[in-house]
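Residue-level listing of the chains:
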Amino acid sequence: MAQKFLEAGYHLCKIDEKPDIVIVNTCTVTNIADRKSRQLLRKVKEENENAIVVAVGCYVQVAYEKVKSIKEIDISLGNVEKKDIVTIVENYKKNKESIASIADINQEKEYLELGSVTFSEKTRATIKIQDGCNNFCTYCLIPYARGRIRSRKKENIIEEVTEIAQKGIKEIVITGIHIASYGKDLEEDVQLIALLEDLNQIQGIQRIRLGSLEPTIVTEDFAKRLSKLEKICNQFHLSLQSGCDETLKRMNRKYSCSEFKKVVQILRKYFEDVNLTTDIIVGFPGETEEEFKQTYQFLKEIKFYKMHVFKYSPREGTPAAKMPKQVDGNVKEKRSQKLIALSNQNQDTYNKKYLNKPVEVLIEEKKENIWSGYTKNYIKVCVASNLNLENQIISVTPTKEVDQMLFAEK
Ligand code: SF4
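### Brief notes about the overall build of the protein
Here is step 1 of the chain: For the protein, the helix and strand inventory stands at 13 helices and 17 strands.
Here is step 2 of the chain: In terms of overall size, the protein behaves like a compact globule, its C-alpha atoms giving a radius of gyration of 22 Å where 410 residues would be expected to give roughly 22 Å.
Here is step 3 of the chain: When its C-alpha atoms are laid out on the principal axes, the protein stretches across 65 × 60 × 45 Å.
Here is step 4 of the chain: In the protein, which comprises 410 residues, the proportion classed as buried is 51%.
Here is step 5 of the chain: A separation of at least 24 residues holds for 71% of the contacts in the protein among residues at least 6 apart in sequence.
Here is step 6 of the chain: Only carbon and sulfur atoms are counted for the fraction: they give 48% of the accessible area of the protein, which is about 20,300 Å².
Here is step 7 of the chain: Here the protein contributes 65 positively and 59 negatively charged side chains, and the mean placements of these two sets differ by 4 Å.

In structure tokens, the structure reads:
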């Protein structure tokens, strides 16, 4: 959307530079995301009375009437209208009229091509390859907000990555809502692994990171082909959500704990020192102490580098919101704390393995003479140096670890 405004001759500015138009791209993944979206919309209007405030994205898509009734918002747009945002805002500027309703996301049959995004990144760029999800996990609103799976054409992805490489960007992160589905809706016979093989050949790109990988796609053959691509980073985010089969069934996840464990074994076999992270939901309806215990034991065994722990929050319109035996807030909080402690402990142990050993870091930014960036397996490293290290891959030897970051000098 920013790119579209730039192309139409607008100037992008920071929120404290008194903008004429403010676009808030909302999220609805949790109740907290909804709340934050509402708070932000009100805050930007309070601080920029004369600005046109536009709410757009997933929260608007699933709660249009509610969002529209917030008086601080001038224009509310769903996910389909993103492509026409400039025209809609310009019409509003002329006659103060917004659109009457938003389009149903399920009518979208093809990936909405917004074009290349090349204006802001210097080191690491996010490349979106698909949208939507057909899975309908019982707690999740995303299929309602994003619609069914739509894959981006391979040639458009390759074109964007080639442009990015020419700008000197070295790392790309492949994202989507459910990237394992990539290609399933395209006429052309193309799968995620084939796309990655093509991207691996683009000159200038040195690292390819997968944003999140659904466990169901990881077979022996997939991992073997993936491991032959030298640019693929040995870091994978595999959403587990629960380490108890009964809970997984109620969540409508499509794997069992033993299948998930097999995936972990395969990745550990093909990728040296692989860094595995995950998402876990605690306090899913009906999660008993015994079920949580099973999850905890499973997580202890798998030893993820980092776990993003979410306390279950019912999303109106999903099957899980109506399930019996909703779990008390205090219980969720206790379970969450327990998993966060385990995650911090795992991260500490993993990071310490790299003390006094050389590591390669792609430097992304500098703050007060300290450069920072990530290793290929996504450990944050801070480097004290007077040299200009911007966007370089350097070798350093960390000597200490503080707050889950490694520190070195150059
Ligand atoms: S796989 Fe499940 S959790 Fe992920 S977006 Fe689809 S429905 Fe939501």
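### Considerations on the site of the ligand
Here is step 1 of the chain: As a structural note, the neighbourhood of the ligand is formed by Cys133, Asn135, Phe136, Cys137, Tyr139, Cys140, Ile142, Pro143, Ile177, His178 and Arg253.
Here is step 2 of the chain: When the residues that make up the shell around the ligand are grouped by side-chain class, the tally is eight nonpolar, two polar and one charged.

### Considering the packing of helix H7 (residues 154-166) against helix H8 (residues 192-199)
Here is step 1 of the chain: Relative orientation of the contacting elements H7 and H8 amounts to 30°, with a least axis distance of 11 Å. When the axes of H7 and H8 are compared, the pair comes out roughly parallel. With respect to the hand of their crossing, H7 and H8 are arranged in right-handed fashion. On the side of H7, the interface is formed by Lys154, Ile157, Ile158 and Val161, while H8 contributes Leu195, Asp198 and Leu199.

### Let's talk about a positive patch on the surface
Here is step 1 of the chain: Among the surface-exposed residues, Arg268, Lys293, Lys300, Lys303 and Lys338 lie close enough to one another that they form a single positively charged patch.
Here is step 2 of the chain: Take Lys338: it is sitting in helix H13 (residues 329-352).
Here is step 3 of the chain: Residue classification places Lys338 among the partly exposed residues on the basis of a relative accessible area of 42%.

### Details of the pattern of salt bridges
Here is step 1 of the chain: In this structure the tally under the stated criterion is 27 salt bridges.
Here is step 2 of the chain: With its nearest N and O atoms 3.4 Å apart, the salt bridge here joins Asp131 to Arg146. Linking Asp131 in strand S5 (residues 130-131) with Arg146 in helix H6 (residues 142-146), this pair joins segments that are 15 residues apart in sequence. Residues Asp131 and Arg146 agree in their burial class; the two are buried.
Here is step 3 of the chain: The partner of Lys311 in a salt bridge is Glu333, with the nearest N and O atoms 2.6 Å apart. Of the two residues, Lys311 sits in strand S11 (residues 306-311) while Glu333 sits in helix H13, which places them 22 residues apart along the sequence.
Here is step 4 of the chain: Lys311 gets classed as partly exposed once you look at its relative accessible area, which sits at 40%.
Here is step 5 of the chain: Each of Arg124, Glu171, Arg207, Arg209 and Glu364 takes part in salt bridges that share partners, so that together they form one network.

### What about the sheet that holds strand S1 (residues 21-26)?
Here is step 1 of the chain: The three strands lie next to each other as S1-S2-S3, forming an open sheet whose pairing is parallel. Of all the strands in the sheet, just S1 and strand S3 (75-77) have a single pairing partner and so form its edges. Each adjacent strand pair in this sheet contributes to an overall mean axis angle of 15°, direction not counted.
Here is step 2 of the chain: Together, S1 and strand S2 (52-57) form the strand contacts of helix H2 (residues 31-47), whose direction differs from that of S1 by roughly 175°.
Here is step 3 of the chain: Packing of helix H5 (residues 85-95) onto the sheet brings it into contact with S1, S2 and S3, and relative to S3 it is tilted by some 160°.

### Considering the side chain of Asn200
Here is step 1 of the chain: If you trace the backbone, Asn200 turns up in the loop between H8 and strand S8 (207-210).
Here is step 2 of the chain: Judged by its relative accessible area of 8%, Asn200 falls in the buried class.
Here is step 3 of the chain: With residues up to four places along the chain from it excluded, the contact list for Asn200 reads Ile208, Leu229, Glu230, Lys231 and Ile232.

### With respect to the pairing of strand S12 (residues 359-367)
Here is step 1 of the chain: Pairing between S12 and strand S15 (residues 393-396): four bridges, direction antiparallel. Along S15, the bridge assignment pairs Val361 with Ile394.
Here is step 2 of the chain: Strand direction decides the pairing type here: S12 and strand S13 (residues 370-374), joined by five bridges, are antiparallel. Considered in S13, the bridge of Lys367 is made with Ile370.
Here is step 3 of the chain: What sits between S12 and S13 in their antiparallel hairpin is a turn of two residues, with Glu368 showing a positive phi close to 45°.

### Overview of the domain arrangement of the protein
Interface size is often expressed as the accessible area that is lost when the parts come together.
Here is step 1 of the chain: For the protein, the domain assignment lists domain 1 (2-103), domain 2 (110-233), domain 3 (269-353) and domain 4 (359-409).
Here is step 2 of the chain: In this structure, domain 1 and domain 4 have C-alpha centres spaced 37 Å apart.

### Re the sheet that holds strand S10 (residues 275-282)
Here is step 1 of the chain: Strand order in the open sheet formed by three strands is S9-S10-S11, with parallel pairing between adjacent strands. A strand with exactly one partner marks an edge of an open sheet, and here the two such strands are strand S9 (235-237) and S11. Strand-to-strand twist of the sheet, defined as the mean angle between neighbouring strand axes without regard to direction, takes the value 15°.
Here is step 2 of the chain: Bridge analysis of S10 against S11 gives six bridges, and the strand direction is parallel.

### Here we look at the nonpolar core
Here is step 1 of the chain: Counting residues in hydrophobic clusters, the biggest one holds 67 residues, and the most contacted among them are Ile174, Leu213, Leu226 and Phe236.
Here is step 2 of the chain: For this core, the leading source of residues is helix H11 (residues 257-270), giving six residues.
Here is step 3 of the chain: When residues of this core are assigned to domains, at least three map to each of domain 2 (110-233) and domain 3 (269-353).

### Looking at a nonpolar patch on the surface
Here is step 1 of the chain: There is a patch of nonpolar side chains on the surface, built from Val62, Phe136 and Tyr144 and spanning about 220 Å² of accessible area.
Here is step 2 of the chain: Tracing the backbone through its elements, the reader meets Phe136 in the loop between S5 and H6.
Here is step 3 of the chain: You can call Phe136 partly exposed: its relative accessible area is 30%.

Rules used throughout
All residue numbers refer to positions counted from 1 along the written sequence of the respective chain. pLDDT decides what is reported in this predicted model: residues at 70 or higher carry local features, side-chain atom pairs at 80 or more are listed and counted, and totals for whole chains, interfaces and linings draw on all residues regardless. The basis for every side-chain value is the complete set of non-hydrogen atoms in the structure, without hydrogens or water. Helix and strand definitions follow DSSP, with helices as H or I runs of at least four residues and strands as E runs of at least two, each counted in order from the N terminus. Radius of gyration: C-alpha atoms only; globule rule: 2.2 Å multiplied by the number of residues to the exponent 0.38. For every residue, the accessible area obtained with a 1.4 Å probe (protein chains only) is divided by the maximum for its type, and the residue is called buried under 20%, exposed over 50%, and partly exposed between those limits. Whether two residues are in contact is decided by their heavy atoms, any of which lying within 4.5 Å being enough. With residues, only the protein chains shown are counted as cover, and all accessible areas are computed by Shrake-Rupley using a 1.4 Å probe. Charge counting treats Lys and Arg as positive and Asp and Glu as negative, with His and both chain ends excluded. Think of each charge as sitting on NZ of Lys, CZ of Arg, CG of Asp or CD of Glu. Residues are counted as near a molecule or strand when any one of their heavy atoms sits within 4 Å of it. Any residue that is not Ala, Val, Leu, Ile, Met, Phe, Trp, Tyr, Cys, Pro, Asp, Glu, Lys or Arg is counted as polar, Gly included; the first ten are nonpolar and the last four charged. Axis angles are defined between N-to-C directions and span 0 to 180 degrees, where every axis is a line fitted to C-alpha atoms and, for a helix, only to the segment in contact. Orientation labels follow simple angle bins: below 35 degrees gives roughly parallel, above 145 gives roughly antiparallel, 65 to 115 gives roughly perpendicular, and whatever is left gives oblique. Handedness of a crossing is defined here by the sense of rotation of the near helix relative to the far one, left-handed for an anticlockwise turn of less than a right angle and right-handed for a clockwise turn. Patch definition: residues with relative accessible area over 30% and no salt bridge; like charges joined within 9 Å; nonpolar side chains (Val, Leu, Ile, Met, Phe, Trp, Tyr) joined within 5 Å. What makes a salt bridge here is a side-chain nitrogen of Lys or Arg within 4 Å of a carboxyl oxygen of Asp or Glu, nothing more. Only strands that DSSP links by at least two bridges are regarded as paired with each other. The split of the chain into domains comes from an automatic or database domain assignment. By nonpolar core is meant a set of buried Ala, Val, Leu, Ile, Met, Phe, Trp, Tyr and Cys residues that side-chain atoms within 4.5 Å join together.

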